[in-house]
Protein chains: 2
Amino acid sequence: MSFNDEAITIHYGLCAAMSQCFSIFDILENPEHDSFFQSFAVRKIAEHGIVCDAGTTENSIFIVLSGELRVYLSCEGREFTLFTLEPEAVFTTHAKMSVVATKPSEILVTSLRNFENALKTIPGLSVAIIGSMGRGLGSAVRIIEGLVFRDVKQRLIYFLLDLANERGCKVHGGVSITMDYKIEEIATLIGSSRQSTSLILNELIKSGYILRVSRKQLVIRDLRRLKRLTESEELSDWEEEVCPIPLVGAAGRRN
Amino acid sequence: MSFNDEAITIHYGLCAAMSQCFSIFDILENPEHDSFFQSFAVRKIAEHGIVCDAGTTENSIFIVLSGELRVYLSCEGREFTLFTLEPEAVFTTHAKMSVVATKPSEILVTSLRNFENALKTIPGLSVAIIGSMGRGLGSAVRIIEGLVFRDVKQRLIYFLLDLANERGCKVHGGVSITMDYKIEEIATLIGSSRQSTSLILNELIKSGYILRVSRKQLVIRDLRRLKRLTESEELSDWEEEVCPIPLVGAAGRRN
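- With an unreviewed UniProt entry as reference, chain A is termed Crp/Fnr family transcriptional regulator, source organism Telmatospirillum siberiense.

**A look at the sheet that holds strand 10 (residues 217-220) of chain A**
Residue and element names in this part refer to chain A.
Then comes step 1: Strands sit in the order 7-8-10-9 across an open sheet of four strands; the sheet is antiparallel. Edge positions in the open sheet fall to strand 7 (169-171) and strand 9 (210-214), since each of these has one partner strand only. Each strand axis lies, on average, 35° off the axis of its neighbour in the sheet, ignoring direction.
Then comes step 2: Of the strand pairs in this sheet, strand 9 and strand 10 are connected by four bridges, and their pairing is antiparallel. By the bridge assignment for strand 10, Ile 210 is matched with Ile 220.
Then comes step 3: Across the sheet, helix 6 (residues 152-167) lies against strand 7, strand 8 (174-178), strand 9 and strand 10, angled at about 90° from strand 8, the strand it touches most.
Then comes step 4: With respect to the sheet, helix 8 (residues 194-206) is in contact with strand 9 and strand 10, its orientation differing from that of strand 9 by roughly 105°.

**Observations regarding the nonpolar core**
Nonpolar side chains in soluble globular proteins tend to be buried together.
Then comes step 1: Grouped together as the largest cluster of nonpolar side chains are 54 residues, with contacts concentrated most on Leu82(A), Ile144(A), Leu82(B) and Ile144(B).
Then comes step 2: Apart from residues lying up to four places away in sequence, Ile144(A) is in contact with Leu73(B), Phe80(B), Leu82(B), Ala140(B), Ile143(B), Ile144(B) and Leu147(B).
Then comes step 3: Within the second largest apolar cluster, 43 residues are counted, among which are Phe37(A), Ala118(A), Ile122(A) and Ile122(B).

**Quick notes on unusual backbone geometry**
Then comes step 1: Even without a glycine there, the phi angle at Glu88(A) is positive, about 90°.
Then comes step 2: Along the chain, the position of Glu88(A) falls in the loop between strand 4 (78-85) and strand 5 (90-92).
Then comes step 3: Non-glycine residue His48(B) carries a positive phi angle of around 75°.

**Things to note about the packing of helix 7 (residues 183-190) of chain B against helix 8 (residues 194-206) of chain B**
All names here are of chain B.
Then comes step 1: In contact at an axis separation of 8 Å, helix 7 and helix 8 are set at 105° when each is read in the N-to-C sense. Between helix 7 and helix 8, the angle falls in the class roughly perpendicular. Counted together, Ile 183, Glu 184, Ile 186, Ala 187 and Ile 190 of helix 7 and Arg 194, Thr 197, Ser 198 and Leu 201 of helix 8 form the full contact between these two elements.
Then comes step 2: Looking at side-chain class alone, the contact of helix 7 with helix 8 contains five nonpolar, two polar and two charged residues.

**Quick notes on the environment of Gly55(B)**
Then comes step 1: Residue placement: Gly55(B) occurs in the loop between strand 2 (50-52) and strand 3 (60-75).
Then comes step 2: Taking the C-alpha atoms as reference, Gly55(B) lies 8.3 Å from His94(B); in sequence the two are 39 residues apart.

**A few points about the packing of helix 4 (residues 112-121) of chain A against helix 5 (residues 125-149) of chain A**
All names here are of chain A.
Then comes step 1: Where helix 4 meets helix 5, the closest approach of the two axes is 7 Å, and the angle between their N-to-C directions is 115°. By the criterion of interaxial angle, the relationship of helix 4 to helix 5 is roughly perpendicular. Taking contact as the criterion, the partners of Phe 115, Ala 118 and Leu 119 in helix 4 are, on helix 5, Leu 125, Ser 126 and Ile 129.
Then comes step 2: Considered class by class, the residues forming the contact of helix 4 with helix 5 number five nonpolar, one polar and no charged.

Conventions and cut-offs
- Residues numbered from 1 in each chain as written.
- Chains lettered and ligands numbered in written order.
- Predicted model: local features only at pLDDT ≥ 70, side-chain atom pairs only at ≥ 80, totals over all residues.
- Heavy atoms only, no water.
- Pairing = 2+ DSSP bridges.
- Helix = DSSP H or I, 4+ residues; strand = E, 2+ residues; numbered from the N terminus.
- Axes fitted to C-alpha atoms, helices over the stretch in contact; angles between N-to-C directions.
- Contact = heavy atoms within 4.5 Å.
- Core = buried A, V, L, I, M, F, W, Y, C linked by side-chain atoms within 4.5 Å.
- Buried < 20%, exposed > 50% of the residue type's maximum accessible area, 1.4 Å probe, protein only.
- Parallel < 35°, antiparallel > 145°, perpendicular 65-115°, else oblique.
- Nonpolar A, V, L, I, M, F, W, Y, C, P; charged D, E, K, R; others polar.

Right, dumping it as structure tokens:
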């Protein structure tokens, strides 16, 4: 069973608490570990450069030193963004996932075996990693929650509300948000197509929930009213519904 | 941004390699750690007993000693099973997730603070945990892949094929599988409703892909033919599709 065959650990609370105390950069910067980290290779990746694709067979581990990378799943030309890696993130290349630099980035790469040795000899390294993994699991569970319990319109609205909460500015007539995302990027984040995402965003604009000031600038008129829209919709009956996910592609193998 | 704000670590390869070497039971059974683990409380949970529900505010950590527990998300009466916890799994209670015993179980519970102390003082404990977390992340990513790239029919077929691969018996006329799952349990595993799951299973039976021998016994006539069904469907166009997930419920908050 793919969904539930494996015993699993989730450590949200633990990680939230611990990530305050340990940073992988503290460990990297400690001169005691210099000799060890010298065996890591620094790799510079240009914007849009691929670190690994879904077919990779090499298991290496990298630490992000600078920049930003996107981890995504792909299937028959469609993509779904799982996470963004920022400085301090530790990541293992894996056959299912592709990693691309969204900004010029620098990573520190080593083999799996090398990293296992580091885990045994450097106290604090595994604690930093548990923190990072916990945040990853938290993200993954939130993604699953969104995919299972919300439709595309609801996911888009939550995306916009999150943006507003994170970086919105109060302006006359609402909360202004700068859209650093292209429509296709939003689509890969909410698990939809470019067309559907664009259609729903335009509906929200037409019906007055959102004002498009410029290509990159939106104003949410009333956060609460937009939020209510996710609650007051006439919802289709879960029990009656036959196809929560469209027939979008079939050839992807489970394992 | 809920989907990508956090730096994340995924350690499949690392964990697969390391979980061979370390077991949390080895650590529990080491007399050196007796004094520490005495501060953990043993808790027995009857079948169907709740360990924690989605509203829990207490952050504790438990190790599964025996039995089986189900971790699930819920929203307005609907459930989605994330993982099954088996002996050796380590899990932190968390506000978003509910845990229920599917078999009579025994767990070892402690506070977050207590566990953090254990991590600092017991070598090997964090390595065992990284292994367990990595398997959890692997499961979560497979769930996301299924939800994003497959429809309910495809997910049900993969579920049946996985069952056949895991525990199927070759019989005259196909591969026999024992269904220990009720339809509603399968529905919570594939992210669908009981009705839809039942409808699709009945379609597969009517069209001869599957033979129902008894309530608990199915025979898949031809694994390859069933697998091909996930590939040869006339797929709706991803680009045209508007609503990959139905309007199934709205009130669940993202955070």
